[in-house]
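# Results of the structural survey
This is what each chain is made of:
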Amino acid sequence: MPFHPTQIGRGLVERDGEAYVLTVPPAEKSAYHDAQLSTYLRRDAFDCSPPLVLTIRARFDGDIRGTAGFGFWNHPYAPNERHFSLPRALWFFYGSPPNNMPLAKGVAGHGWKAGVFDATRPLFYALVPFAPFAFVMMRVPFLYRALWGLGQRAIGVDECALDESLMADFHDYTIDWRKDRVIFSVDGAVVLDTPRSPKGALGFVAWIDNQYAVVTPQGNFGFGLIDVPSPQKLIIESLDIVK
């Protein structure tokens, strides 16, 4: 399966022997910078669907400012693009503050995570008309604790937080994507086993950039860019997708 490099702004995708090195060098937040590998060139050309297994050996270098990770998604939105679709994803994902997407109860809105997301579920569409009322209700702590489980199911979210110290060293990450579940493993140990398997074809992506997003159950939304004061890298030693 071929992997296509994308370089936006000052983002760089390079080869070091068999490894891929994705770099965002020092840069200001006046522009979007992204280094990315993917299996697709257009959104209508996604070629990954269950059952399949992604195995990737990778580490990060530098003080990561923005988002980074690897897995599968439907490319719902990117800075400087007008296209937007409801997100579907299963991936290992990192977001640095001020990134804040606390969509799974008990899991912080930033940090290193394994997770799934599918906002195209019928329950999500059924609840959309009630969203303005729900945002207000979620600002009341006991209502959030009582009711957000329904919202989490509606958007197909399941996540687990990972130790950020893992990011500095090479580890073997696996996503076993089945039609009825997704199993995430690190160095052979299962970290998340969820029945919330996103539907439909997606594209593989590995990236590092300087953006952040804010999406909270309380109705706080925002996107922006972050200064990158020093080089930050995603180094992929090996990468394999088996269908």
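Scroll up to find the structure this text is about.
To keep things clear, this report deals only with the structure shown in the data block. All values derive from a computational prediction rather than experimental measurement.

### Observations concerning the sheet that holds strand β7 (residues 88–95)
- Spatial ordering of the open sheet is given by β1-β4-β13-β6-β7-β8-β9, a layout of seven strands whose pairing is antiparallel. Each edge of the open sheet carries a strand with a single partner, namely β1 (4–8) and β9 (158–162). In this sheet, adjacent strand axes meet at a mean angle of 15 degrees when their direction is disregarded.
- Note: strand β4 (residues 34–38) against strand β13 (residues 203–209), five bridges, orientation antiparallel. Bridge assignment links S38 to a residue of β13, and that residue is V205.

### Digging into the sheet that holds strand β5 (residues 52–61)
- The seven strands are arranged β2-β3-β16-β5-β10-β11-β12 in an open sheet whose pairing can be described as antiparallel. Here the strands that pair on one side only, and so sit at the sheet edges, are β2 (12–16) and β12 (189–194). Strand after strand, the sheet turns through a mean of 25 degrees between neighbouring axes, direction not considered.
- Relative to strand β3 (residues 19–24), β2 is paired through five bridges, and the arrangement is antiparallel. Bridged to L12 within β3 is T23.

Rules of the game
- Residues numbered from 1 in each chain as written.
- Predicted model: local features only at pLDDT ≥ 70, side-chain atom pairs only at ≥ 80, totals over all residues.
- Heavy atoms only, no water.
- Pairing = 2+ DSSP bridges.
- Helix = DSSP H or I, 4+ residues; strand = E, 2+ residues; numbered from the N terminus.
- Axes fitted to C-alpha atoms, helices over the stretch in contact; angles between N-to-C directions.

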